[in-house]
Amino acid sequence: MVKLSPSVLSADFARLGADCREVMDAGADMIHFDVMDGHFVDNLSFGLPVLEGLRKALPDAYFDVHLMITHPLQYVKRFVEAGADCITFHVECADDLGATIAAIKAYGCKVGLSIKPDTPAECVFPYLDDLSIVLVMGVQPGHGGQAFNPVALKKLRKLRAECKRRNLNPYLSVDGGVKAATTAPQCVEAGANLLVAGSAVFCAKDVAAAVKEFKAL
Ligand code: DX5
Ligand code: ZN
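Every value quoted in this text rests on a predicted model; they were computed, and no experiment measured them.

1. Looking at the nonpolar core
Judged by nonpolar contacts, the single largest core of 70 residues is most densely connected at Val8, Phe79, Phe89, Val174, Leu195, Val201 and Phe214. Broken down by element, this core gets its largest block of residues, 5 residues, from helix 5 (residues 151–165). Not counting chain neighbours up to four residues away, the residues in contact with Leu195 comprise Val2, Lys3, Leu4, Ser5, Val174, Val178, Ala184, Cys187, Val188, Phe214 and Leu217.

Encoded structure:
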């Protein structure tokens, strides 16, 4: 069954805990927490204290943290302490990928690696053995509500084939422009089994119904 990780970037920040509770109660599998540093991407979002607060409000939720930051390595320990269950960072960041993966694992946290639309799928192949999530971006990271770039579908297919060949089973996740009626089924067909959706969930008139629509895919 396809998993859903609603991205809180599109939630109402004045009632973040309640919004997260609502999607979890409706059947979401985890919470996608988008961290932006204004450098790796041209936007700022939220960081450690906000995750810490959400972790307290939702002690049982799984926090899927997506670091869109240039230097993830120096923040690993603090994100684990703040409540991350999985930390996904970018292949395009400035830190050593192997060292960053090792640090995340050393703190007992799951690891994800993400690729932007212009980065080939093959860039994550050397790290696949260590990954719980491979996150394929369907948009340039930095903002919610952008249109899906179908190049993500090709990459999902390549990743699905490589995982099959090596008998590996990380989540193949896709983030950006994922909509239940249109792009999500295409992503699932291409091999995705973890959908990240921000505006399609939190900007829906009926948030619980939007979650259920994804979960029915
Ligand atoms: C974008 C973020 C996404 C974002 C997706 O840089 O990584 O998680 O919230 O938003 P939608 O689903 O609206 O494209
Ligand atoms: Zn994200």
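Resuming the write-up.
2. Comments concerning the coordination of the zinc ion (ligand 2)
The protein atoms donating to the zinc ion (ligand 2) are His32 (NE2), Asp34 (OD), His66 (ND1) and Asp175 (OD), with metal-donor distances spanning 2.0 to 2.3 Å. Geometry at the zinc ion (ligand 2) is octahedral, judged from its 6 donor atoms and the angles of 70 to 170° they form at the metal.

3. Considering the side chain of Asp19
Structurally, Asp19 is set in helix 1 (residues 16–25). Judged by its relative accessible area of 8%, Asp19 falls in the buried class. Among the polar contacts listed, one links the side chain of Asp19 to the side chain of Arg15, at a separation of 2.7 Å. Not counting the four nearest positions on each side in its chain, Asp19 is found in contact with Ala11, Asp12 and Phe202.

4. As for helix 4 (residues 97–106)
Of all the residues in helix 4, the buried ones are Leu97, Thr100, Ile101, Ala103 and Ile104. Each buried residue of helix 4 lies within a common arc of 160° when the element is viewed along its axis, so the set occupies one face. Looking at the buried positions of helix 4, the neighbouring elements they touch are helix 3 (76–82), strand 4 (86–90) and strand 5 (110–115). The backbone nitrogen of Gly98 has a side-chain oxygen 3.3 Å away, supplied by the residue at the start of helix 4, namely Asp96. Following helix 4 by one or two positions, Gly108 adopts a phi angle in the positive range, close to 75°.

Criteria and thresholds
Residues numbered from 1 in each chain as written. Chains lettered and ligands numbered in written order. Predicted model: local features only at pLDDT ≥ 70, side-chain atom pairs only at ≥ 80, totals over all residues. Heavy atoms only, no water. Core = buried A, V, L, I, M, F, W, Y, C linked by side-chain atoms within 4.5 Å. Buried < 20%, exposed > 50% of the residue type's maximum accessible area, 1.4 Å probe, protein only. Helix = DSSP H or I, 4+ residues; strand = E, 2+ residues; numbered from the N terminus. Contact = heavy atoms within 4.5 Å. Donors = N, O, S within 2.8 Å, 3.2 Å for Na, K, Ca; no water. Tetrahedral: all angles 85-135°; square planar, octahedral: opposite > 155°, others 65-115°. Polar contact = N/O pair within 3.5 Å; in protein donor to acceptor, adjacent residues only side chain to side chain. Arc of directions from axis to C-beta.

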